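# Breakdown of the fold
Take a look at the letters that make up each chain.
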Amino acid sequence: MEKDKNKHHLASWNKMSFPFNEGGIGFRSIQDICKSMEYKQWCNFRYKPSLWSEFLMDKYCKRSHPISKKCDTGQSQAWKSLMTNKKDAEQHIQLRLHSGDARFWWDSWLGMGPLASHSTGGGRPGKIAVS
């Protein structure tokens, strides 16, 4: 009987990170926390003016919008991280139209992503004629 008293039962992190009602302990998954912080970093870059966002805009987005930029070699790790997460983050962002600063082609104000990504015409989105 005394041998059974000191036994430890190990469980994987995946099993422990389930909610209580699904048999877990309720811990949050580390991958989910990291991904949410990366999405928050993208939102802060896009919508909150700061020294960091101004620096990245001046360095990488001189003539174009961040949505249209692609990841390239020789760029910083922070910029590459932003570029890999922007597509997933933008799917969950929806802006409300009222008096403010909205970019017609680049902001997701219809709930289906930026209009520039749904454009079928060639050329730059700002040059497309609307009749």
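For clarity, every value in this text was computed on a predicted model and none was experimentally measured. (Residues numbered from 1 in each chain as written. Predicted model: local features only at pLDDT ≥ 70, side-chain atom pairs only at ≥ 80, totals over all residues. Heavy atoms only, no water.)

### Considering the overall build of the chain
- Helices and strands together make up the secondary structure of the chain, namely five helices and zero strands.
- Ordered by position from the N terminus, the helices and strands of the chain form the series α-α-α-α-α.
- Put simply, the chain has 131 residues, and 24% of those count as buried.
- Summarising the internal contacts of the chain: among those between residues at least 6 apart in sequence, 30% fall at separations of at least 24.
- If you sum the accessible surface of the chain, you get close to 10,500 Å²; carbon and sulfur atoms cover 55% of it. (Helix = DSSP H or I, 4+ residues; strand = E, 2+ residues; numbered from the N terminus. Buried < 20%, exposed > 50% of the residue type's maximum accessible area, 1.4 Å probe, protein only. Contact = heavy atoms within 4.5 Å. Areas by Shrake-Rupley, 256 points an atom, 1.4 Å probe, with all protein chains shown as cover.)

### Quick notes on the packing of helix H3 (residues 30-47) against helix H4 (residues 51-60)
- The N-to-C vectors of H3 and H4 enclose an angle of 80 degrees; their axes lie 8 Å apart at closest approach. Between H3 and H4, the interaxial angle falls into the category roughly perpendicular. Touching Gln41, Asn44 and Phe45 of H3 are Trp52, Ser53, Leu56 and Met57, all from H4.
- Split into classes, the residues belonging to the contact of H3 with H4 amount to four nonpolar, three polar and no charged. (Axes fitted to C-alpha atoms, helices over the stretch in contact; angles between N-to-C directions. Parallel < 35°, antiparallel > 145°, perpendicular 65-115°, else oblique. Nonpolar A, V, L, I, M, F, W, Y, C, P; charged D, E, K, R; others polar.)

### A short note on H3
- Here H3 spans 26 Å end to end across 18 residues, near enough to the 26 Å set by a 1.5 Å rise per residue.
- Those residues of H3 that sit buried are Trp42, Phe45 and Arg46. Along H3, the residues classed as buried sweep out an arc of 100 degrees about the axis, all on the same side. Summarising the geometry of H3, the exposed residues directed more than 90 degrees from the buried face are Asp32 and Met37.
- Looking at the packing, one finds that the buried side of H3 touches H4 and helix H5 (77-91). (Expected span 1.5 Å × (residues − 1). Arc of directions from axis to C-beta.)

### Focus: a nonpolar patch on the surface
- Taken together, the side chains of Trp13, Phe20, Ile25, Phe27 and Ile30 define a hydrophobic patch exposed on the protein surface, amounting to about 530 Å² of accessible area.
- You can see Trp13 is positioned in helix H2 (residues 13-16). (Patch = residues over 30% accessible without salt bridge, like charges linked within 9 Å, V, L, I, M, F, W, Y side chains within 5 Å. Salt bridge = Lys/Arg side-chain N within 4 Å of Asp/Glu carboxyl O.)

### Describing the packing of aromatic side chains
- The tally for this structure, following the rule as stated, stands at four aromatic pairs.
- Between Phe45 and Trp79, the aromatic rings sit 5.7 Å apart at their centres with planes inclined by 85 degrees, giving edge-to-face as the arrangement. Separated by 34 residues along the polypeptide, Phe45 in helix H3 and Trp79 in helix H5 bring together distant segments of the chain. Considered together, Phe45 and Trp79 belong to a single accessibility category, that of buried residues.
- Summarising the aromatic geometry, the rings of Tyr60 and Trp79 are spaced 4.5 Å apart at their centres and angled 20 degrees between planes, so their arrangement reads as stacked. (Phe/Tyr/Trp six-rings, centres within 6.5 Å; stacked < 30°, edge-to-face > 60°.)

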